[in-house]
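# Breakdown of the fold
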2 protein chains.
Amino acid sequence: MLRFTEMMNGAGLTVDVNSSIKYKTPFQEILLLETEAFGKMLVLDGAVQTTEKDEFIYHEMIVHVPLFTLGRDVEKVLVIGGGDGGTVREALKHNPSKVDMVEIDREVVELCKKEFPEIASGLDDERVSIFFEDGREFIKGKKGEYDAVIIDCSDPVGPSAVLFSEEFYKDVKNALKSDGVVVTQSESPFAQFDAFKVVISNLKKVFSVVRPYLAFIPTYPSGMWSFTFASDSKDPLSVSPQELAERLSSFEKNKGRLKYYNLEIHYGAFAIPNFVIDKLNK
Amino acid sequence: MLRFTEMMNGAGLTVDVNSSIKYKTPFQEILLLETEAFGKMLVLDGAVQTTEKDEFIYHEMIVHVPLFTLGRDVEKVLVIGGGDGGTVREALKHNPSKVDMVEIDREVVELCKKEFPEIASGLDDERVSIFFEDGREFIKGKKGEYDAVIIDCSDPVGPSAVLFSEEFYKDVKNALKSDGVVVTQSESPFAQFDAFKVVISNLKKVFSVVRPYLAFIPTYPSGMWSFTFASDSKDPLSVSPQELAERLSSFEKNKGRLKYYNLEIHYGAFAIPNFVIDKLNK
């Protein structure tokens with residue numbers, strides 16, 4: 001059997017592979033693997049992006065923490081990146097009137113619609129508009145338009161690097177309504193600490209509330225993955241458990257039970273180990 | 001450069017290796033690796049046990065959650081397994097009068113004293129007695145002797161299998177004082193769900209309070225690792241944050257700040273994702 005390994009600084013994930021197909025787009029190299037352990041796996045420029053078996057963790061955690069924190073009807077959501085569609089699928093569960101998704105690589109979206117129909121299921125929803133553009137350019141000049149901006153980007157190399165900059169976060173803030181919320185995936189505090197720190201320090205230059213949180217993602221480097229929430233008026237830790245329980249209960253009545261996110265996870269994900277806190281404060 | 005890979009059901013960790021030495025003991029095969037990413041790494045029968053870089057996570061989480069829950073002076077602690085010494089090192093920070101460690105494989109202990117002196121640092125402490133015996137036999141017939149029993153065993157194959165049984169947990173209960181606490185490592189709910197479930201269901205047959213909790217361990221299968229706390233009178237989630245903050249503050253005055261465990265982690269570690277809860281309840 002073939003094996004695929006993604007190494008980073010001397011360590012990484014190895015998976016047994018039944019078959020693989022390689023594509024080259026103008027932006028990146030796509031590898032589509034059929035794996036023993038995780039079902040189909042999407043790899044971009046050598047980095048695992050999503051798998052059938054554990055994608056729900058990343059997509060639930062990047063969407064539901066900020067949208068349950070928002071605490072009111074969601075009108076308009078912007079997803080930057082997120083070509084596989086999982087983030088749009090989860091965002092639609094909050095009944096927004098409109099979701100804009102800006103993905104630079106059309107071929108990723110086309111491939112995911114074909115190969116990952118369960119993940120991409122929301123992309124053909126009539127409330128969803130997909131813009132095949134550079135997210136950095138798309139957001140410039142937008143004013144007070146979105147309730148939530150979700151930055152579902154790849155590592156800060158290549159086309160995603162600008163999505164970690166202070167200037168970009170300023171444009172995100174302008175694009176948000178005054179009580180809006182933003183979240184970005186923020187790499188692994190264990191395996192990619194420098195990138196994690198850049199996100200937090202740049203967000204702190206722009207937003208008054210900045211809160212990193214963690215989730216177990218078995219197919220990402222080290223398995224310890226982070227997201228960072230930011231806002232000028234909302235705070236995920238200021239939502240009362242009673243209120244969150246009510247929001248969750250009415251959500252579940254319509255959309256069913258989620259697979260990762262729940263009330264305890266909402267708060268527990270913000271527990272950050274001392275070694276991460278201490279390294280951030282250095 | 002050489003590489004070492006630990007595969008489990010089609011997925012696993014790969015590390016770049018500078019050098020390796022293999023030993024064969026009467027109980028298992030030991031591999032000692034010098035790795036790029038994690039420093040020295042101890043592998044038993046092909047399974048990564050401990051590494052210089054991330055050992056603090058496992059050892060702090062298996063010790064401090066139960067001992068801060070105990071909430072009183074710790075007199076006597078029993079560690080079953082734990083041949084590398086890291087669990088004993090952390091337990092000694094709670095100033096017990098005595099720590100018994102029962103490890104079946106003398107050669108693991110000898111090797112760790114030589115190769116992992118920072119992990120094994122407590123093993124020569126005068127309060128520590130090491131018994132090179134089968135933990136299952138050692139505990140039989142003990143009555144009300146220990147404040148805490150910490151089961152720091154390897155996977156439930158080979159010599160450790162009996163340490164996951166109801167009969168063993170009954171003997172552990174007998175060996176505990178009436179307000180005593182027990183904790184066991186309980187495998188990965190993501191990668192080894194069946195073993196995780198066996199621990200919880202067997203502990204529930206013996207103890208009235210049984211609470212699994214999670215930690216990020218980058219070198220263990222899937223990175224999502226679990227421990228399970230059990231007791232007949234103590235509950236980690238019933239400790240008030242005020243009380244725990246006081247305990248932690250006086251601990252830190254004497255022993256310094258820990259690297260993983262803190263107040264938020266104490267509670268947050270008990271947040272279990274829905275897919276784990278739902279699979280347990282099936």
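Quick notes on the rules
- Residues numbered from 1 in each chain as written.
- Chains lettered and ligands numbered in written order.
- Predicted model: local features only at pLDDT ≥ 70, side-chain atom pairs only at ≥ 80, totals over all residues.
- Heavy atoms only, no water.
- Helix = DSSP H or I, 4+ residues; strand = E, 2+ residues; numbered from the N terminus.
- Buried < 20%, exposed > 50% of the residue type's maximum accessible area, 1.4 Å probe, protein only.
- Contact = heavy atoms within 4.5 Å.
- Buried area = accessible area lost by both parts, 1.4 Å probe.
- Salt bridge = Lys/Arg side-chain N within 4 Å of Asp/Glu carboxyl O.
- Polar contact = N/O pair within 3.5 Å; in protein donor to acceptor, adjacent residues only side chain to side chain.
- Phe/Tyr/Trp six-rings, centres within 6.5 Å; stacked < 30°, edge-to-face > 60°.
- Lys NZ or Arg CZ within 6 Å of the ring centre and 35° of its normal.
- Pairing = 2+ DSSP bridges.
- Axes fitted to C-alpha atoms, helices over the stretch in contact; angles between N-to-C directions.

### Some remarks on unusual backbone geometry
Residue and element names in this part refer to chain A.
- The backbone of N9 shows a phi angle near 50 degrees, a positive value even though the residue is not glycine.
- Residue position: N9 is located in the loop between strand 1 (2-8) and strand 2 (11-24).
- Looking at N9, the relative accessible area reads 63%, which means it is exposed.

### Thoughts on the interface of chain B and chain A
- Counting residues at the interface gives 43 residues for chain B and 43 residues for chain A.
- With both chains or domains summed, chain B and chain A bury close to 3200 Å², and 63% of this area falls on carbon and sulfur atoms.
- In this structure, R257 of chain B and D278 of chain A form a salt bridge, with 2.8 Å as the shortest nitrogen-oxygen distance.
- Counting the contacts that link chain B with chain A gives 21 residue pairs in polar contact (both at pLDDT 80 or more).
- For the side of chain B that touches chain A, the secondary structure elements donating two or more residues are strand 1 (2-8), strand 2 (11-24), helix 1 (55-70), strand 11 (209-216), strand 12 (224-231), helix 8 (263-268) and helix 9 (274-281) of chain B.
- Here the side of chain B that touches chain A gets 6 residues from one element, more than from any other, and that element is strand 2 of chain B.

### Side note on the packing of aromatic side chains
- According to the stated counting rule, one finds 29 aromatic pairs over all chains in the structure shown.
- With a centroid separation of 5.9 Å and 45 degrees between ring planes, the pair formed by F168 of chain A and Y169 of chain A is classed as tilted.
- Ring geometry for F131 of chain B and F138 of chain B: centres 4.8 Å apart, planes at 45 degrees, overall tilted.
- Of the aromatic side chains, those joined through ring pairs into one cluster are Y58, Y213, Y220, W225, F227 and F270 of chain A.
- Between the NZ or CZ atom of K142 of chain A and the centre of the ring of F138 of chain A, over which it lies, the distance is 4.2 Å.

### Some details on the sheet that holds strand 7 (residues 98-102) of chain B
Residue and element names in this part refer to chain B.
- One open sheet accounts for 7 strands, arranged 8-7-6-9-10-12-11; its pairing is mixed. In this open sheet, the two strands that pair with only one neighbour each are strand 8 (128-131) and strand 11. Between one strand axis and the next, the sheet turns by 15 degrees as a mean value, whatever way the strands run.
- Judged from the 5 bridges that link them, strand 10 (residues 176-185) and strand 12 form a sheet pairing that is antiparallel. Looking across to strand 12, one finds that V182 is bridged to A230.
- This element, helix 5 (residues 166-175), spans strand 6 (76-81), strand 9 (146-152) and strand 10 of the sheet and lies at about 140 degrees to strand 10.

### Re the side chain of Q192 of chain A
Residues and elements named next belong to chain A.
- Note that Q192 resides in the loop between strand 10 (176-185) and helix 6 (193-204).
- Residue class for Q192 comes out buried when judged on its relative accessible area of 10%.
- Only 2.7 Å separates the side chain of Q192 from the side chain of E187, close enough to count as a polar contact.

### Details of the pairing of strand 5 (residues 47-51) of chain B
Residue and element names in this part refer to chain B.
- Where burial is concerned, most of strand 5 is hidden: 5 out of the 5 residues are buried.
- Pairing between strand 4 (residues 39-44) and strand 5: 4 bridges, direction antiparallel. Each bridged residue has a counterpart across the sheet, and for V43 the counterpart in strand 5 is V48.
- Hairpin connection, strand 4 to strand 5: the antiparallel pair is bridged by 2 residues, and D45 has positive phi, about 50 degrees.

### Some points on the sheet that holds strand 11 (residues 209-216) of chain A
Residues and elements named next belong to chain A.
- Taken together, 7 strands build an open sheet; the order of strands is 8-7-6-9-10-12-11 and the sheet is mixed. The open sheet has two edge strands with one neighbour each: strand 8 (128-131) and strand 11. With direction set aside, neighbouring strand axes in the sheet form an average angle of 15 degrees.
- Along the sheet, helix 5 (residues 166-175) contacts strand 6 (76-81), strand 9 (146-152) and strand 10; its crossing angle with strand 10, the most-contacted strand, is approximately 140 degrees.

Purely spatial values, then, with no claim about function.
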